[in-house]
Amino acid sequence: MINICFHGVGTPQRELEPGEDRYWVGTGQFHQILDELSTWPEVRISFDDGNVSDVTDALPALLERELTADFFVVAGRLDTPGSLDRDDVRALREHGMRVGTHGMWHRSWRGMDPVTRERELVTARTVLAELTGGPVDLAACPLGSYDRVVLTHLRRLGYQRVFTSDRRRARPDAWLQPRFSVMQPDTPESLRTEIRVKPGVVRRAQAGLVGVAKRLR
Ligand SMILES: [Zn+2]
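Residue positions are given per chain, counted from 1 along the sequence in the order it is written. With the structure being a predicted model, the display of local features is reserved for residues of pLDDT at least 70 and the display and counting of side-chain atom pairs for 80 or more, all residues being used for whole-chain, interface and lining totals. Side-chain figures throughout are based on the complete set of non-hydrogen atoms in the structure, without hydrogens or water.

(A) Expanded view of the overall build of the protein. The secondary structure listing takes helices from DSSP runs of H or I that are at least 4 residues long and strands from runs of E that are at least 2 residues long, numbered from the N terminus. When you go through the protein residue by residue, the secondary structure sums to 6 helices and 10 strands. Atoms considered for the radius of gyration are the C-alpha atoms alone. The globule rule reads 2.2 Å times the number of residues to the power 0.38. Taking 17 Å as the expected radius of gyration for a compact globule of 217 residues, we find that the protein reaches 18 Å, a close match to that expectation. Structurally, the protein occupies a C-alpha span of about 60 × 40 × 35 Å along its principal axes. The cut-offs for exposure are 20% and 50% of the maximum accessible area for each residue type, with area from a 1.4 Å probe on protein chains only; residues under the lower value are buried, those over the upper are exposed, and the others partly exposed. Counting over 217 residues, the protein shows a buried share of 48%.

Here it is, written out as structure tokens:
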């Protein structure tokens with residue numbers, strides 16, 4: 001399984017964090033990449049940060065291509081300029097998209113004191129669950145940052161899947177799901193060669209070995 005993660009599409013409508021612009025893609029670029037991904041059989045798409053482009057750009061583009069995606073929303077940014085409002089999150093759900101939590105304030109989940117941890121891992125999730133009218137059991141670690149303590153807390157709180165940004169393939173049924181983030185310079189070709197084809201070479205080699213084994217039998 002290949003997990004692909006987008007952040008923002010088009011022009012940001014809020015002040016970005018330092019270095020965050022590297023994760024924003026242009027509208028045309030986004031459509032081209034989505035066309036490419038729609039030909040990949042083993043891909044799962046997600047959107048982090050709850051930017052308003054999730055509903056203005058991503059949602060219509062996904063529906064056009066009959067794709068679904070997971071949206072990891074920052075609960076503390078709801079209803080603020082440039083981010084999703086509550087109706088937007090409901091609209092995502094109503095159109096068959098999954099909504100997960102990306103915490104309350106988009107801070108690293110490493111080294112949290114108990115009060116912060118409660119706010120980030122429990123309260124943020126409750127806000128989103130009340131909003132969508134269903135359980136929220138997917139989480140994406142803000143800034144791709146986590147450690148064993150973070151994972152232990154997430155497991156104990158009953159999260160069903162936890163998404164990171166470790167740029168590796170994932171086993172479809174694994175609890176921890178590494179993702180590849182799309183970056184500003186990416187193109188359909190760069191994703192194809194850097195993500196899809198490289199591991200495919202290994203797969204083809206393995207397939208070749210299976211062929212050899214069969215012939216020897
Ligand atoms: Zn994020």
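(B) Just helix α4 (residues 114-132), in detail. With 19 residues, α4 ought to run about 27 Å at 1.5 Å a step, and its terminal C-alpha atoms sit 26 Å apart, in line with that. What we call the bend at a residue is the angle made by axes fitted to the seven residues finishing there and the seven residues starting there. By the largest-angle criterion, Thr 123 marks the main kink of α4, which is about 30 degrees. Every buried residue belonging to α4 is among Thr 116, Glu 120, Leu 121, Ala 124, Arg 125, Leu 128, Leu 131 and Thr 132, and all of these are buried. Along its buried surface, α4 packs onto β5 (69-73), α3 (86-94), β6 (98-101) and α5 (148-156). Helix span, as expected, comes to 1.5 Å for every residue beyond the first. By definition in these notes, contact holds between two residues if any of their heavy atoms fall within 4.5 Å.

(C) How the structure looks around the pattern of salt bridges. Note on definitions: salt bridges are taken to be side-chain nitrogens of Lys or Arg within 4 Å of carboxyl oxygens of Asp or Glu. Taken as a whole and assessed by the stated rule, the structure comprises 15 salt bridges. In this structure, Asp 70 and Arg 98 form a salt bridge, with 2.7 Å as the shortest nitrogen-oxygen distance. Placement of the pair is Asp 70 in strand β5 and Arg 98 in strand β6, with a sequence separation of 28 residues. Residue classification places Asp 70 among the buried residues on the basis of a relative accessible area of 3%. Classification of Arg 98 as partly exposed rests on a relative accessible area of 39%.

(D) How the structure looks around the pairing of β5. The element β5 is extensively covered by neighbouring structure, given that 5 of its 5 residues are classed as buried. Only when DSSP finds a minimum of two bridges between them are two strands counted as paired. Taken together, the 4 bridges between strand β4 (residues 43-48) and β5 define a ladder with parallel strand orientation. The partner of Ser 46 across the bridge, within β5, is Asp 70. Convention used here: a crossover is right-handed provided that the path from the first strand, over the helix, to the second strand proceeds clockwise when the strands point away from the viewer. In this fold, β4 hands off to helix α2 (residues 53-64), which returns the chain to β5; that crossover is right-handed. Bridging between β5 and β6 involves 4 bridges; their strand directions are parallel.

(E) Representation of the packing of α3 against α4 within the structure. Viewed as axis vectors pointing N to C, α3 and α4 meet at an angle of 65 degrees, and their least axial separation amounts to 9 Å. With respect to α4, the axis of α3 lies roughly perpendicular. The two elements α3 and α4 cross, and the hand of that crossing is right-handed. Mapping the contact onto sequence places Arg 86, Val 89, Arg 90 and Arg 93 in α3 and Val 127, Leu 131 and Thr 132 in α4. Classification convention: Asp, Glu, Lys, Arg as charged; Ala, Val, Leu, Ile, Met, Phe, Trp, Tyr, Cys, Pro as nonpolar; all other residues, Gly among them, as polar. The class makeup of the residues in the contact of α3 with α4 is 3 nonpolar, 1 polar and 3 charged. What counts as an axis is a line fitted to C-alpha atoms, over the stretch in contact for a helix, and the angles between N-to-C directions run from 0 to 180 degrees. Each angle gets one of four labels, with under 35 degrees taken as roughly parallel, over 145 as roughly antiparallel, 65 to 115 as roughly perpendicular, and the rest as oblique. Each crossing gets its hand from how the near helix is turned against the far one by less than a right angle, where anticlockwise is left-handed and clockwise is right-handed.

(F) Layout of unusual backbone geometry. Of note, Glu 66 is a non-glycine position whose phi angle comes to about 55 degrees, a positive value. Among the secondary structure elements, Glu 66 is positioned in the loop between α2 and β5. Judged by its relative accessible area of 76%, Glu 66 falls in the exposed class.

(G) Molecular detail of the environment of Ala 139. Within the secondary structure, Ala 139 is located in strand β7 (residues 138-140). In sequence terms Ala 139 and Ser 108 are 31 residues apart; their C-alpha atoms lie 13 Å from each other.

(H) Layout of the coordination of the zinc ion. Surrounding the zinc ion are the protein donor atoms Asp 49 (OD), His 102 (NE2) and His 106 (NE2), which sit 2.0 to 2.1 Å from the metal. Of note, the donors binding the zinc ion are all from one chain and are spaced D-x52-H-x3-H. One end of the pair, Asp 49, is in the loop between β4 and α2; the other, His 102, is in the loop between β6 and α4, and 53 residues separate them in sequence. The same class applies to Asp 49 and to His 102, which are both buried. Each metal's donors comprise the N, O and S atoms found within 2.8 Å of it (within 3.2 Å for Na, K or Ca). Water is not part of the atom list, so some coordination spheres may appear incomplete.

(I) Structural view of the environment of Leu 191. If you trace the backbone, Leu 191 turns up in helix α6 (residues 188-216). Separated by 114 residues in the primary sequence, Leu 191 and Arg 77 place their C-alpha atoms 30 Å from one another. If near-sequence neighbours (up to four positions away) are discounted, Leu 191 is found in contact with Ile 33, Trp 40, Val 182, Asp 186 and Arg 196.

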